[in-house]
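Residue strings, one per chain:
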Amino acid sequence: MFALFFVNLSTYVLLDRAPNSRKPAPNRTAASISILTFAAAVFRGEIALYLAPLCLQALITRSISFSQLLKTGVVSGILSAILTITVDSYFWNQTLLWPEFSGLFFNVVEGKSAEWGTSPPLTYFTSFLPKLLLSSLPLSFLGILFNRQIRGLLLPSFLFIVLISFLGHKEWRFIIYVVPIFNIAAARGLHALFSPRKQSSFGRVRFLLGASLITLNIAFTVFSTAVSIANYPGGEAMRQFHALYNPLTHTSPIHVHISNLAAQSGASLFTQLHSQPTWPINSNANWAYNKTESLTFNDLTAANSPFTHLILEERPAAKLLDKRGWKVVSAVEAFEGIKLSLNPASIKTAGRQLVKDPSSKSLLSAVRSIVDIRKGEKLWIVERS
């Protein structure tokens, strides 16, 4: 995500010009290319696939000369490489380490990114981009239709997605950089819907369409956020665990084993509050957080095992736990599905509430009255009896 800041900054540098200017000045184009070169060399190598069509477009539109482009690329590339090699070699204690180059070589040249799974060629266009943009996607199409400059703005982003689609392994985060650019196009499309006079029927229809797309976007964002919050049982388990056991009052040593599901759903290093080093207030705490895999239930609960607590993803029978000297102290619920209440009465009530009080709180309440997020027990916190 660090690279996203620099892509946004480079886009700002290109667009910050007079409204009637058809292309950026050469010095601004060079500055934008330098920023992207730095981001590609230091943070995310795939930005080079966005930089390449952008440079080609700049040459075709004569926003920069070939000699200036070559000079800008070579100077910024060498300086960025020297910076990242120097810093990363020091911190990783390796000679001449260039992380992004190593990553590109591993994923692209050796083709080993496929070991993390592959997706069909059009996945970015048919799945990830619609999910990232929601209603901004059709609005961006309107922006392309109504504004010629928007077409030029989106062309490098479109070609970037085409180029990165040749890699078998695909993730939404690889194309996150184009989202703000598509949102600019969507804003232009929304402007086209809101511009006509509202006195005409056609103008009112267009205004209603634009307002509906924004409302749907916000509603789905609120809904998906609520689902995401409910879909991290590992993080919730760690929150409950630290609420149950306070190092200021619980002085006995704690050694907790974290199951695979918990580790994959929020129980990250950032949630290990009482492992060293800790904040000064908990300086005496030195809890052990263990994520060793392939341990059986018998291994975990054996009398000679080092564990004092367990976060399990399967709840054993109460008799078995009691027999081995353990007990459940808390259960962690998480997302299990959704139930839609699409009866006219619920929809009508939600609509009236939203019209009466068009706030984010009312919108959330309206969404919850129609969409019920069902939860079920996913993890269990157990301790020795």
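Residues numbered from 1 in each chain as written. Predicted model: local features only at pLDDT ≥ 70, side-chain atom pairs only at ≥ 80, totals over all residues. Heavy atoms only, no water.

Draft legend 1. Structural context of the overall build of the protein chain. Of the regular secondary structure elements, the protein chain holds 16 helices and 5 strands. Relative to the globule expectation of 21 Å for 385 residues, the C-alpha radius of gyration of the protein chain, 27 Å, shows a markedly less compact shape. Along the first, second and third principal axes, the C-alpha atoms of the protein chain reach 80 × 70 × 45 Å. Counting over 385 residues, the protein chain shows a buried share of 39%. In the form shown here, the protein chain has an accessible surface area of approximately 22800 Å², with 64% of it arising from carbon and sulfur atoms. Distance between charge centres in the protein chain, computed from 35 positive and 19 negative side chains, equals 17 Å. (Helix = DSSP H or I, 4+ residues; strand = E, 2+ residues; numbered from the N terminus. Rg over C-alpha atoms; globule rule 2.2 N^0.38 Å. Buried < 20%, exposed > 50% of the residue type's maximum accessible area, 1.4 Å probe, protein only. Areas by Shrake-Rupley, 256 points an atom, 1.4 Å probe, with all protein chains shown as cover. Lys, Arg positive; Asp, Glu negative; His and termini not counted. Charge placed at Lys NZ, Arg CZ, Asp CG, Glu CD.)

Draft legend 2. How the structure looks around the sheet that holds strand β2 (residues 288–290). Reading across from one edge, β2-β1-β3-β5-β4 is the order of the 5 strands in this open sheet, with mixed pairing throughout. At either end of the open sheet lies a strand with only one pairing partner, and these are β2 and β4 (326–340). Put simply, the sheet's adjacent strands are angled 20 degrees from each other on average, direction ignored. Note that strand β3 (residues 309–312) and strand β5 (residues 371–384) share 4 bridges and pair antiparallel. Bridge assignment links I311 to a residue of β5, and that residue is I381. (Pairing = 2+ DSSP bridges. Axes fitted to C-alpha atoms, helices over the stretch in contact; angles between N-to-C directions.)

Draft legend 3. The arrangement of the UniProt feature "transmembrane region" (unreviewed entry) in the protein chain in detail. Mapped onto the present numbering, the UniProt feature "transmembrane region" (unreviewed entry) falls on residues 31–52, 73–92, 122–145, 152–168, 174–195 and 207–230. End C-alpha to end C-alpha, residues 152–168 measures 28 Å, and it is 76% helix and 0% strand. Secondary structure within residues 207–230 divides into 96% helix and 0% strand; the distance between the first and last C-alpha atoms comes to 35 Å. (UniProt positions renumbered as here; feature names shortened; annotations may be inferred.)

Draft legend 4. Examining the pairing of strand β1 (residues 255–258) more closely. Alternating positions in β1 separate into two faces, H255 and H257 on one and V256 and I258 on the other, with burial throughout. Of the strand pairs in this sheet, β1 and β2 are connected by 3 bridges, and their pairing is parallel. Bridge pairing in β2 places V256 opposite Y289. The pairing of β1 with β3 spans 3 bridges and is classified as parallel. Bridging across to β3, V256 finds its partner in H309.

Draft legend 5. Region of the structure containing the side chain of T271. In this fold, T271 is placed in the loop between α12 (260–264) and β2. You can call T271 buried: its relative accessible area is 19%. Looking at T271, its side chain comes within polar contact range of the main-chain oxygen of S268, at 2.6 Å. For T271, the contacting residues outside a window of four places in its chain are M238, H242 and G266. (Polar contact = N/O pair within 3.5 Å; in protein donor to acceptor, adjacent residues only side chain to side chain. Contact = heavy atoms within 4.5 Å.)

Draft legend 6. Looking closely at the packing of helix α7 (residues 136–146) against helix α8 (residues 148–164). Close contact between α7 and α8 brings their axes to 5 Å; oriented N to C, the two are set at 120 degrees. By the criterion of interaxial angle, the relationship of α7 to α8 is oblique. Across the interface between the two elements, G143, I144, L145 and F146 from α7 touch R148, I150, R151 and L154 from α8. For the contact of α7 with α8, a count of residues per class yields 5 nonpolar, 1 polar and 2 charged. (Parallel < 35°, antiparallel > 145°, perpendicular 65-115°, else oblique. Nonpolar A, V, L, I, M, F, W, Y, C, P; charged D, E, K, R; others polar.)

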